[in-house]
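# Chain and residue survey
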Number of protein chains: 2
Amino acid sequence: MLKNEREREIINFLKTEDGFVTVKTLCEKLYTSESSIRRDLTALEQKGIIKKTYGGAELVKSFSNVVSFIKRSHHNINEKKIIAKKAKSLLRDGDIIFLDQSSTSFYLANEIMSDSTLTVITNNIEILSLLSNSALRVISSGGILSSENRNCLIGADAHSIFENIRAHKVFFSTKSLSEDGIISDCTREEVLVRNVMLQNSEQKIFLCDSEKLGTKSPYKQTTLNHVDFLITENDNAVIFSESFPALQIM
Amino acid sequence: MLKNEREREIINFLKTEDGFVTVKTLCEKLYTSESSIRRDLTALEQKGIIKKTYGGAELVKSFSNVVSFIKRSHHNINEKKIIAKKAKSLLRDGDIIFLDQSSTSFYLANEIMSDSTLTVITNNIEILSLLSNSALRVISSGGILSSENRNCLIGADAHSIFENIRAHKVFFSTKSLSEDGIISDCTREEVLVRNVMLQNSEQKIFLCDSEKLGTKSPYKQTTLNHVDFLITENDNAVIFSESFPALQIM
DNA sequence: AAAATATTGATTTATTTTGATAAAAACAGT
DNA sequence: ACTGTTTTTATCAAAATAAATCAATATTTT
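Fair warning: this is a prediction, and the values are worked out from it, not measured in the lab.

## Quick notes on the protein's contact with DNA strand C
- With respect to spatial proximity, 17 residues lie near DNA strand C, and among them Ser36 and Arg39 of chain A together with Thr32, Ser36 and Arg39 of chain B are the closest.
- Taking all atoms of DNA strand C within 4 Å of the protein, the share assigned to sugar and phosphate is 62%.
- Between a phosphate oxygen of DNA strand C and a side-chain N or O atom of Ser36 of chain A, the distance comes to 2.5 Å.
- Interatomic distance of 2.7 Å between a side-chain N/O atom of Arg39 of chain B and a base nitrogen of DNA strand C.
- Across the surface near DNA strand C, the residue classes break down as 3 nonpolar, 8 polar and 6 charged.

Below, the structure is given as structure tokens:
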């Protein structure tokens, strides 16, 4: 692996992890020696992108737009990455996809960064920032920056993009999936915009780490019988296969 | 295989891949020697299309690393911060403002992060990311992620937000301001969306670090007689006070 | 067709990058 | 403050890549 390539990977790593990596981790992930990693890190530090610390490096804080989304708490990162990998396997060349405001969608965005045949439409500003470093065709919804999560766009202007584009697939995730197959979430406005995505997409793919399973949230999004794929990181979701025979579980 | 044919293929390769290829890969894919590939690469580099790196080459426009953005934003950083501070002094409580896709606007956004009475409308995704960490009311345009700069939204969906909101002030910046007062920029789509901002704002405030002074770019944005304020980091702009008596220079 | 010019790939030479090692520095626990 | 461990820095030879050179081939011009 070349220096150039590594530097990009390192930045990417910092962005998708919590803004910090150890030298060791980088060695393992990038299959290279400590020396090289250290040299890369000093180079990146001189460019002002990262800050070396004892044992590793972190993204510089001053460029909050590069870092912004890292501050947000992403839980169950590993589960979400597994789900993202599975979700990726459903994609075909040339697909037009909606990615919702969930963090799981963000990890999917990360997986597809180099699939330049795809078109991504999203209201998730973390995804927008991330994919601004890719060659993908990206379309953002407009709208009001959600006052609750501050990571997505909502309101009428957010709806209009999804109303006017027909997607092959929508990938989405919410807070809760109850035993009876009701998918629900916590904020009304976000449910509304996600609904528009669901209505205007041929396939609906629900990304659901098993922690959500068996929980309930105030605002109903949809039910599993309207969903084509249910992707979890393990096999816990098979309980739905009886009640929803048409649902494909991955 | 002929030279220009190869060059085309190389560019094509860079565009469809990750924005980076190794010399080796090119040798294999194009069935030719390292020497030829290297010669092609140096030629393409001189044309300014690619940038050679150890082991390969990358697209120059390449967004694909964060570096490009940081470089851009770091250019004349102090001047831009001075301008941003001056611009901030024009703001009143409750103002609704348009911030354009320029990096100078980004620094203004940085200055106003704690003024929670303001409403910001922008097509600059860096500003969007930044202000997602603030308490400001923020509205984003929709649109296509610009393929050139990868830092802003363009196209019809970008226009519509600015068409439907009337702002108190628009803060904007472009590549060039010539001696005769013509403000111009490099990409047509960006000029267009900025135009909509200008049309729908009461006051028009041009942020212009003095390096832009006396230069010209292909696409005309507007002229100084349509501008209310011209803000620079020093006094170089006073030369315009005679020709444009209505213009306020800061 | 011959001459002039440009392009190619092989070879050699120079430069950059790499990984290993040892010594210095930073850290953690006592 | 001392000790053992981990991490950093500095250095160097080996490996990988780039640049320069040149004869052979291809292309264009005359």
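## Quick notes on the confidence of the model for chain A
- Confidence along chain A averages 90 in pLDDT terms, with 94% of residues attaining 70 or more.
- Considering only residues more than four positions removed or in separate chains, one finds that residues 64-71 of chain A, a stretch of pLDDT under 50, has 31 contacts.

## Examining the pattern of salt bridges
All names here are of chain A.
- All told, the structure shown has 16 salt bridges over all chains when counted by the stated rule.
- With a closest N to O distance of 2.8 Å, Arg194 and Asp100 form a salt bridge. Highlighted residues: Arg194 in helix α9 (residues 188-199) and Asp100 in the loop between β4 (96-99) and α6 (103-111), separated in sequence by 94 residues.
- What makes Arg194 buried here is its relative accessible area of 1%.
- The exposure class of Asp100 is buried, given its relative accessible area of 0%.
- Among the ionic contacts, a cluster of salt bridges with common partners joins Asp100, Asp185 and Arg194.

Rules of the game
Residues numbered from 1 in each chain as written. Chains lettered and ligands numbered in written order. Predicted model: local features only at pLDDT ≥ 70, side-chain atom pairs only at ≥ 80, totals over all residues. Heavy atoms only, no water. Near = heavy atom within 4 Å. Polar contact = N/O pair within 3.5 Å; in protein donor to acceptor, adjacent residues only side chain to side chain. Nonpolar A, V, L, I, M, F, W, Y, C, P; charged D, E, K, R; others polar. pLDDT = per-residue confidence, 0-100. Contact = heavy atoms within 4.5 Å. Salt bridge = Lys/Arg side-chain N within 4 Å of Asp/Glu carboxyl O. Helix = DSSP H or I, 4+ residues; strand = E, 2+ residues; numbered from the N terminus. Buried < 20%, exposed > 50% of the residue type's maximum accessible area, 1.4 Å probe, protein only.

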